[in-house]
Amino acid sequence: MVTGDALEFREVGKSYAVRGAALPVIDGIDLACPPGSFTALIGPSGCGKSTLLRIAMGLEPVDAGAVTIGGQRPDIARKAGRIGVAFQDAALLPWRNVTENVALPLDVLGRSKRRAAAEIQHLIALVGLEKFRSAVPAELSGGMRQRVAIARSLVTSPTVLLMDEPFGALDLILRRQMNLELQRIWLERRATTLLVTHGIDEAVFLADRVVVMGGRPGRIVGTIDVPLERPRPTELFRTAAFHRLTDEVEAMLTGPAP
Ligand SMILES: Nc1ncnc2c1ncn2[C@@H]1O[C@H](COP(=O)(O)OP(=O)(O)OP(=O)(O)O)[C@@H](O)[C@H]1O
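Here the structure is a predicted model, which means the values were calculated and not measured.

Caption draft 1: Focus on the sheet that holds strand 5 (residues 83-87). Across the sheet, six strands lie side by side as 5-6-7-3-8-9; this open sheet has mixed pairing. Strands with a single pairing partner mark the edges of an open sheet, and in this sheet they are strand 5 and strand 9 (219-225). Neighbouring strand axes in the sheet, compared pairwise and without regard to direction, differ in orientation by 20 degrees on average. In this sheet, strand 7 (residues 192-196) lies alongside strand 3 (residues 38-42) in parallel orientation, the contact comprising four bridges.

Caption draft 2: Representation of the sheet that holds strand 4 (residues 64-69) in the model. Strand order across the open sheet formed by three strands is 2-1-4, with antiparallel pairing between neighbours. A strand with exactly one partner marks an edge of an open sheet, and here the two such strands are strand 2 (21-33) and strand 4. Shown here is a sheet whose adjacent strand axes are inclined to one another by a mean of 30 degrees, direction ignored. Note: strand 1 (residues 7-18) against strand 2, nine bridges, orientation antiparallel. Its bridge partner lying in strand 2, Val12 is registered against Ile29.

Caption draft 3: Molecular detail of the site of the ligand. The local shell around the ligand consists of Tyr16, Val18, Val25, Gly43, Ser45, Gly46, Cys47, Gly48, Lys49, Ser50 and Thr51. Looking at the shell around the ligand, the elements that each hand over two or more residues are strand 1 and helix 1 (49-56). A total of three residues in the shell around the ligand trace back to one element, the largest contributor, which is helix 1.

Caption draft 4: Structural context of the nonpolar core. Counting residues in hydrophobic clusters, the biggest one holds 63 residues, and the most contacted among them are Ala40, Val102, Ala151, Leu162, Ala207 and Val210. In this structure, Val210 is in contact with Ala40, Ile42, Ala203, Val204, Ile224, Val226 and Val249, ignoring residues within four places of it in sequence.

Caption draft 5: Representation of helix 6 (residues 142-153). In this model, helix 6 (twelve residues) spans 17 Å end to end at C-alpha, consistent with the 16 Å of a helix rising 1.5 Å per residue. Most of helix 6 is tucked away, with nine of its twelve residues classed as buried. Listing the buried residues of helix 6 in full gives Arg145, Gln146, Arg147, Val148, Ala149, Ile150, Ala151, Arg152 and Ser153. Looking at the buried residues of helix 6, the elements they touch are strand 5, helix 3 (98-102), helix 4 (104-109), helix 5 (117-126), strand 6 (160-164) and helix 7 (172-189).

Caption draft 6: Spatial organisation of the pairing of strand 5. Counting buried positions along strand 5 yields four of five residues, so the element is predominantly enclosed. Judged from the five bridges that link them, strand 5 and strand 6 form a sheet pairing that is parallel. Note on strand 6: the bridge partner recorded for Gly84 is Leu161.

Caption draft 7: Geometry of the environment of Ala251. Considering the arrangement of structural elements, one finds Ala251 in helix 9 (residues 240-254). Look at Ala251 and you get partly exposed, because 14 C-beta atoms sit within 10 Å.

Cut-offs and rules
- Residues numbered from 1 in each chain as written.
- Predicted model: local features only at pLDDT ≥ 70, side-chain atom pairs only at ≥ 80, totals over all residues.
- Pairing = 2+ DSSP bridges.
- Helix = DSSP H or I, 4+ residues; strand = E, 2+ residues; numbered from the N terminus.
- Axes fitted to C-alpha atoms, helices over the stretch in contact; angles between N-to-C directions.
- Near = placed C-beta within 6 Å.
- Core = buried A, V, L, I, M, F, W, Y, C linked by C-beta atoms within 7 Å.
- Buried ≥ 20, exposed ≤ 12 C-beta atoms within 10 Å, placed from the backbone.
- Contact = placed C-beta atoms within 7 Å.
- Expected span 1.5 Å × (residues − 1).

This is the structure:
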């Protein structure tokens, strides 16, 4: 089993230059994700969630504070294959089949695909696509493409998994099914996971805790722990305990009633 690395944001601040002026996007973000934890990040559009993920990937520099993965800089962790990423757009290469798309991060890192052949097949089975190994993306549904993207995100055995609305484009039924699958995969792999989502249900169903952000500049307004046992069944979506938690997240997200 892969052991997750700690992912830590310490007093992170970031501005973008917009028409000559510095526009603060996030400010004073302090967030420690312990090894093997699952954190969901939720907040209004434009509050800087994707920016935080890009910083954690080492793709954006910070203006203040620091982010570390297992105590190291994110760009170093990324180049060592310790970060897996999955986004709303599965972004598969249309000319590559499922096996070749899953293997893509190995090509990028210059690693041997031959040595990883068994792991690639294991991941394809893990996301339920054994029969589609040789299919190209045009032959797959949206949900199947997203499964390929999740298998691809795990192929370097990352210790940290960063997901930005991975199921945002899917309908509710498929989304719930993918939530169950992601839970199963996470229970098997235990990478430290940070999931950005607009779905309060999805956040509570999957995470150990839900971190709520507020906007302009983006900052953390609160955290709600989810003390529900795993594996969590889909019946959970209909329980009072679940609704108490989603109500709590919603209240924090929308602020006090006028
Ligand atoms: N490269 C950039 N240059 C200038 N401004 C940017 C840049 N990238 C993002 N922004 C701005 O930073 C803010 C935060 O964007 P970000 O995409 O991180 O928000 P988000 O919370 O992920 O939003 P959403 O939920 O809509 O995806 C937005 O106001 C956006 O316009």
